[in-house]
Structure formats: C-alpha cells, structure tokens
Amino acid sequence: MKKLIFILIFLFFAIITGYQVLKYLFAPKYSGEQVIAGMSSETEVYFDEFGVPHIYAENAEDAYMAMGFVHAQDRLFQMEMMRRVGTGTLAELLGEDLLEVDKFFRTLGIPKHAKWSAEEWEKNGPSEIKSAVNAYIKGVNTFMEKGKLPLEYTLLGHSPRPYTLEDMHGIIGYMSFTFAMAMKTDPLITKMARELGPDYLKTLSVHTLPEHHVIPNHYPKRNEEDNRILKDSSLISILDKLPVPLLEGSNAWVIGPDRTASGEVLFLNDTHIGFSQPSVWFEAHLEYPEFSYYGNHLAGIPFGLVGHTRLHSMGLTMFENDDQDFYEEKINPNNQMETIYGDEFRAIQVRTEEIPVKGQDPISFEIRESIHGPIMNEVIPEIAKVTSNPVASWWVYVLEPTKALEATWKMARSKNIQEFEEGARLIHAPGLNVMYGDKAGNIAWWATAKLPIRPEHVNSKIFLDGSNPEDEPLGWMPFEENPMSINPPEGFVASANNQPDTLSNGTFFPGYYYPGERWNRIAKTITARNDWDQNNIKALQLEVINETHPVNARSMIAAVNTAIYENHKEVISELENWDGNHDLNSAAPTIYYKWLYHTLHGMMADELGEEWFDNFLETFLYIRSVSNLIQTEDSAWWNNINTNSTEIRALIISEALKTTLQELNDQFGNDSKKWTWENAVVLEHPHPLGAKKPLDRVFNVKAPVVPANEESVNKLAFKLNADGIYAVKSGPAMRIILDFANVEASESILPTGQSGNLFSPYYSDQAEMFANGQYRPQLMNEGMIKQVSKRKLVFKPE
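Residues numbered from 1 in each chain as written. Predicted model: local features only at pLDDT ≥ 70, side-chain atom pairs only at ≥ 80, totals over all residues. Heavy atoms only, no water.

Visitor: Got a minute to help me understand the environment of L720 in this structure?
Guide: Mapped onto the secondary structure, L720 falls in the loop between β27 (701-702) and β28 (726-727). Separated by 123 residues in the primary sequence, L720 and Y597 have C-alpha atoms spaced 6.3 Å apart. The residues contacting L720, other than those within four sequence positions of it, are Y593, L596, Y597, L600, L617, Y622 and E710. (Helix = DSSP H or I, 4+ residues; strand = E, 2+ residues; numbered from the N terminus. Contact = heavy atoms within 4.5 Å.)

So, in structure tokens, the structure goes:
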C-alpha cells in the first residue's frame, strides 16, 4: 500500500514538473524586457487581467512593431492557419488531406489576388500607413526569431517561414471568401430550377419576400454630380476541413442621443463567426501621440476592423449582397480551349501551380479561366452534379486589388463622419455593413461594396449563359446610391444581415439576406423606450427569443390530430404555448427543431436526395424559406415522388411528429420533463489540431451549455439534424457595448480568451463568462490600466 501511495505521489509531482517545463518552453512572455532592432524608442505594454495589451509608444512605427510582436506571441499559430488558407498552402503543413482545400482557394484566385494586391501596394510611395504595416510585419517576424514558438509547431515538426505582406493580403482574401454564400447556394437553386421547376421554387424564398423585414435607407443630401454610373464531393465537406472559422453573420445597432438616458450615442456590435479556439478577434489598445484606439483585430492584420477612439466608434456586419455570379460556358466544338461568346470565340487561359504537400513531392495543378473567371467544376463538386459544361466564377473581390488596409487605417483615424465615409467607400468587397457613432451625436450605417448593375432579365441566383453577352453586368452603381442611413429620424440604425430597402435609384439589390427576424426584434425593442443605457440594453443583446418559430410550431400542431398523442399532451401543450424563448429549462425547442427537421426531410429529401437536402440546410435559403415551406398547404414539396399515392401536408407533418416523439423517448426517456433544451445542446470551441484525437482533449475548449437558437438576437447557431443533439457551431465572436457618455467604461467579452497559446492564463478564462452572458471592461484609462495590470513588457531599441 505504501509503495502504491509513493508511486501516485511520484506521478503527481512528475506531471506537475512536466507541465512546468512545457510552460517554461512554450508560454508567452508578458513581463520583462524585449529588444527589437529598428525600434526608435522604449515602448511599454501593459497586460490587463484578461490579457489585453495596452501599448504606449512614442510613434506609430514603434506602436505597430510592438503590436506585431504581442499579437504573434498570443496568436501565431492562428496567423499560420489563416495565411495558409489565403495562400493555398495548408497541405504543406497539414498533409494531403488538405490538398482539395488548397486547390479550391487557388482556383478561386485568392492567392493570385493576394500577390497582385501586394504588388500594387508596393508601387505606392512612402507613407505613414506603409511604415506602420512594415513595422507590424517586423514585429511578427522578430517574435518568430526571438520568441518562444507555440507547442503546435513542435507537434507538427515545423518551423514558420517569415511573415509577408502577401500573407497579410491572403488573410484579407480568406476573410472575403467567407462571405461568398453564392458558392453554397447557386448550384442548389440552379438544380431545383432545372430539375423540379417553378412549382417547387415558388415556395422558397430565392429572393426577399414581402413579409421579410428590410433596413430603411436615409440618404444625405448630395450634389448631383456625386451620382454617376461607373461603366466598366460537396463544397461544404471541403469547407468542413478548414482549420479556421467562417464569418457567418452579425448584429450591430447604434442608438442616437434622443433615445438614450445619457443623451449620448450608444453603440453595440456582435459579429457572428464560427466558434474556434482561439476565437477570431484579438483585442489591443494602442496609444501614441495624436492616436488613441481600442480595437478588435484579425490574426495577421495590424489595424482593427472593429473598434473605437474616444470620439467615434466603428463596427460591422455582413452586407450579404450578391457579388458573385456563375457563367455556364459553351465550348467551341472545333476547339476545346475556346468558349463561344456571341458570334465570337474566346480563348480559355491556363496556368499551372505547384502545391507543396507535407511528406511528398509537390503536386502540379492546372487552373483554367474563361473570360468570366476561373472554371470551378473540379473544386465545387455540386457544379459537376448540375452540368457537364464548364462553369466560371465572376466574383467582384478578385476584379481589383483590395484596399482594406487603407480603409481600416482611414476609418480609425477619421476626425468626423465625412472623413469616416471616405474610408468606408474604399471597401469594394466583401460587402460589409459599416456602423458608426460619435461623440458629436451622429449615427450612421453604410453598406459598403462595389455593386454591379445587372440586366433586368438576369436572375443572379441561377447559372447565367456564358455565351450570351446580354447576361453581362452593365456597369457599377456609384457609392452614393449604396444602401445607407445617416442620422435617420427613427433615432437608430441597425443591421442584422437582412435586406436593405429599395435604393435611391429604384433597385432592390439581390443578395443572400436573412429574413430580418433579428432586426425586427432589435427595432421593436429600441423604439419602445427612450432611456437606453449600457446596462438595460444588455438584455436585448443577450435575448434568445424568436417570434417566427412559435408561429411555425402552432401551424404544425394545427395540422395534426393531437388526440392520438394523449401520452404527450403536456409537452405538446408546452410547444403550443411557446413564446419562442430558447430557455435551457424549456422542452419546446427540443421538440420543435427535431419535428421541423423530420417535416422538412419528409417534404424535400425525395426530390433532392440526402446530400442535396443536407446542403440545403447549410444555406440562407433554409432560414429564409422555412415558414413558407411549413405553412403553404398546396406546396408541391408535400408529395413524395417515390410513391404512387399523393401525400398531403397533414400526413407529412403527422408522420414527422410521430417519429419525433419516438426518438425523444429513445433519446431522453419517457419522462418529458427530461426533454429540456439544456440536454440537447453542446458547445465546444475547436482548435485546428483538435480534429485529431486525443489532441481535442488538450486544445479544444469545452464550455457550459448555452441557449442555442436560430435567428434570435443572441444568435447561437447549430445545424438542424436528425440526431437531435445540437452542437453550437457559431455565435457572437464578441459582444461590445459602448456609451459615449463614458467611453472608458465600455464593455465586451470574447468566447474563450485573448490568447491562442495553450500555456497562457488567458487561453480560456472568458469561456464561462461568455456562456453566462457576462461582460468585462475595455480599458482605456491609463491610470486604471497601470493599476490593474500585473504584467508589463518593455520593448527596447537594439
């Protein structure tokens, strides 16, 4: 017995010692001194109690050099993953399994575009922004040379190459791709149109429906010369392999002084992004002469995409505009390397790229491009299932070099709303809803994007005829006609990825918009009172109510004979009286989502097949169409094409309920009191290496159960499925609240923590707070920062 006790004590101390050794070898350096060649003066970095760096420098170059270093020491492996996605080099690090992902991004043209953008950037002369970007890159590379690389590199047997400007533009390209809903949706809609016809499509919301909620525009007065037309296997299975999250949607709203208790602007933003470890945003506060800024930064990007000074704040959501079309080409029968275009033939351009692959020789990969863009059949399997003809991608993002760096630099440094708009208009793609509020009392929303003018006959959700010049865009709308609202009489601006109302030029611009259920809840709540402050607005940001789902549920209940479900009358009654609140103690959402899945499957799987039905559930089309699908009595979808009889709505819904109740009995037992939502939901933040067991136990962050939902303000999204266990895949990547009455008291929260380094105390310290709806301060007061910060890192010139 004594020997066993001795062995256990030995193992305990061995584990403790081993952990301390690993921590010494791999943990970030938050205290002490660090010498950096090229830094002109001493720069201090204070890390607050949540690991946010507060950088105090004498000039911009020193500030961004320090920013590059501290960003890299907490997020270097995340930078590595994101730059490799954007440059098409994941297989070089992670092996052959990622080869199809590299092929996809290379064909789409993101690495090619990153190189072009970097080349155009270098053509500009010296400037403060170029110096800041170069300083940031130097800071990142100094950490790679002198800092302690995270554990992931040791496990993979890899040393990182230097970080470059091209990598930075590759990351911007990756971010832009994540907004491209067309690639998931257009092949599906084209298939439905060709194989099923208009009777099936009319029940779907391919375009925005009258019952959906739109964002009102409020245009400022401008000179007439400002308004000018400018002439000029499955994909989802491939994307599942991505080691970085996709941006999926967001909420933002800005409340004007007339509706707040303080008489100052109140600003809120929560970007919805796939959950991951680390989470997407890295917070940093920079101070140097004439600049004070607290921002949320993407890994590898020096300037905050979301953030605030003491005088203004900026945020964003996804615009969801349609900026990508697919052209089905016709091949010249006498020359397979030419396409037909009107009365002419146009050559197909071919380039070969070498893709490095870990553990083997590089792979040669051929990419073909028509006059419309890259041919995508080989890398989007759904296209090959719709047509054997080449289908080319026309995507606004790759048509011109990005100016995202210039835009974010300018917006962060604007002195007034006019200067801010000048920065916002530099964003050509992806489409973003840029939100603004300032100390002067201004509030604004701009949908920033370069919007094509399409011919009236074009349906941009269906493959276009590549041989017909009449299907080509006619030009570009001027920015002044983009959706926007500047100081509207309603006293607030809000965006929740829903459709903007008709533009000043009469266009109802197409897109992949959400139905506006979140926007409607935000708008109704804000306009109900005029005393909003930083505390009472939190209930809205954390709200998990959806008003549409109870309507759907009652419609389904009305279609069945509930008397035959006497043993489940209590739980059916609970669903019938459901108010749409996804409270964890409620059984209503547990029943509703499983019943909804089986109803939709009974309606659509016979026509679409299992794979296409599964794809449908991943698109905006599902979210936007579900009410119409469920409530339309005479829909063609109700009939099962595999039987000789004609099925009707009541039969499909009744069979779905029968299956649902039986499965819930099997899953949770006969006592329906145990069918609560908390027993059906799980949340785990996955690390790129957590895809391989047992590394998931090491790197992934398990979190408390959250009230998962579809299209509530506090959106915590999951994929509808047959299993009835709902893994939350995405949600708010931060929750920001700022009252201009006291900017230094603003608050936020991250889903896991500030650091991506396993041995950092800030790796997962916010996970429980996030799940419980708590907030923490975004400190900007120098005295308070120095008082609460226990760690200080001083950068010294060499």
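Visitor: Sorry if this is basic, but what is going on with the packing of aromatic side chains here?
Guide: How two aromatic rings sit relative to each other is given by the distance of their centres and the angle of their planes. Following the criterion strictly, the structure yields 36 aromatic pairs and no others. Residues F291 and Y293 carry aromatic rings whose centres are separated by 5.8 Å and whose planes lie at 15 degrees to one another, so their mutual orientation is stacked. Note on F718 and Y726: the rings are 4.9 Å apart at their centroids and 55 degrees apart in plane angle, and the pair reads as tilted. We note that F718, like Y726, is buried. An aromatic cluster is present here, built from Y64, Y288, F291, Y293, F303 and W409 joined pairwise through their rings. The lysine or arginine in question, R413, covers the ring of W409, its NZ or CZ lying 3.4 Å from the ring centre. Against the face of Y514 rests R518, its NZ or CZ located 5.5 Å from the ring centre. (Phe/Tyr/Trp six-rings, centres within 6.5 Å; stacked < 30°, edge-to-face > 60°. Buried < 20%, exposed > 50% of the residue type's maximum accessible area, 1.4 Å probe, protein only. Lys NZ or Arg CZ within 6 Å of the ring centre and 35° of its normal.)

Visitor: Before we go on, may I ask you to explain the nonpolar core in this structure?
Guide: Across soluble globular proteins, nonpolar side chains have a tendency to be buried as a group. Formed by 197 residues in total, the largest nonpolar core has its most connected members in Y64, L204, L600 and F616. In terms of residues, this core owes the most to one element, helix α2 (residues 60-87), which gives 15 residues. With residues up to four places along the chain from it excluded, the contact list for L600 reads A605, F613, L617, Y622, V626, L629, I630 and L720. In terms of nonpolar packing, the next biggest core, distinct from the first, is built from 41 residues, V254, F267, V713 and I737 among them. (Core = buried A, V, L, I, M, F, W, Y, C linked by side-chain atoms within 4.5 Å.)

Visitor: How should the pattern of salt bridges be read in this particular structure?
Guide: Tallying each qualifying case throughout the model produces 44 salt bridges. Of the charged contacts, one joins R194 and E328 as a salt bridge, the two residues approaching to 2.4 Å between their closest N and O atoms. Using a relative accessible area of 12% as the deciding quantity, one classes E328 as buried. A salt bridge links K385 to E611; its shortest N-O distance comes to 2.6 Å. Within this pair, whereas K385 is found in helix α12 (residues 381-386), its partner E611 is found in helix α20 (residues 610-616), the two being separated by 226 residues in sequence. Owing to a relative accessible area of 36%, K385 belongs among the partly exposed residues under this scheme. On the accessibility criterion, E611 (38% relative accessible area) is partly exposed. (Salt bridge = Lys/Arg side-chain N within 4 Å of Asp/Glu carboxyl O.)

Visitor: Can you walk me through a nonpolar patch on the surface in this structure?
Guide: A surface patch of nonpolar side chains, about 400 Å² in accessible area, is lined by V21, L22, Y24 and L25. By relative accessible area, Y24 is classed as exposed at 64%. (Patch = residues over 30% accessible without salt bridge, like charges linked within 9 Å, V, L, I, M, F, W, Y side chains within 5 Å. Areas by Shrake-Rupley, 256 points an atom, 1.4 Å probe, with all protein chains shown as cover.)

Visitor: What is the right way to look at the pairing of strand β3 (residues 53-56) in this model?
Guide: Moving residue by residue along a regular strand, the side chains alternate between the two faces of the sheet. Residues P53 and I55 line one face of β3 and the alternating positions H54 and Y56 line the opposite face, and both faces are buried. Sheet topology note: the strand β2 (residues 43-47)/β3 ladder contains 4 bridges and is antiparallel. Along β3, the bridge assignment pairs V45 with I55. Here β2 folds back onto β3, and the loop between the two strands holds 5 residues, one of which, G51, carries a positive phi near 85 degrees. As defined by bridge partners, β3 adjoins strand β6 (residues 282-288) across 3 bridges and the pair is classed as parallel. Residue H54 lies in a different strand from β6, and its bridge partner there is H285. (Pairing = 2+ DSSP bridges.)

Visitor: Please explain the sheet that holds strand β21 (residues 464-465) as it appears in this structure.
Guide: Within a sheet, each strand pairs with its neighbour through backbone hydrogen bonds, oriented either parallel or antiparallel. If you trace the 3 strands from one edge of the open sheet to the other, you get β17-β10-β21, paired in mixed fashion. Two strands lie at the open edges of the sheet, namely β17 (391-395) and β21, each paired on one side alone. Sheet analysis places strand β10 (residues 324-328) next to β17, joined by 5 bridges and oriented antiparallel. Looking at β17, one finds that Q324 is bridged to W395.

Visitor: Explanation requested: the sheet that holds strand β14 (residues 349-357) in the structure shown.
Guide: Taken together, 3 strands build an open sheet; the order of strands is β14-β15-β16 and the sheet is antiparallel. Of all the strands in the sheet, the pair left with one neighbour each is β14 and β16 (373-374). Relative to β14, helix α4 (residues 99-108) is tilted by about 145 degrees, and along the sheet it contacts β14, β15 (360-370) and β16. (Axes fitted to C-alpha atoms, helices over the stretch in contact; angles between N-to-C directions.)

Visitor: Even after reading the chapter, I still don't get helix α21 (residues 620-631), so can you show me in this structure?
Guide: Working note: α-helix, 3.6 residues per turn, so residues spaced by three or four point in the same direction. Across the 12 residues of α21, 9 count as buried, placing the element largely inside the fold. Listed as buried for α21 are F620, L621, Y622, I623, R624, S625, V626, L629 and I630. Here the buried face of α21 lies against α9 (182-195), α17 (548-558), α19 (588-608), α20 and α22 (649-668).

Visitor: Would you mind going over the environment of N721 with me for this structure?
Guide: Its place among the elements puts N721 in the loop between β27 and β28. Sequence separation between N721 and H601 is 120 residues, and the spatial gap between their C-alpha atoms is 9.6 Å. Apart from the residues lying within four places of it in its own chain, the contact partners of N721 are Y597 and Y726. Within the structure, N721 has its side chain in polar contact with the backbone oxygen of K719 (distance 2.9 Å). A polar side-chain atom of N721 sits 3.3 Å from the main-chain carbonyl oxygen of I725. (Polar contact = N/O pair within 3.5 Å; in protein donor to acceptor, adjacent residues only side chain to side chain.)

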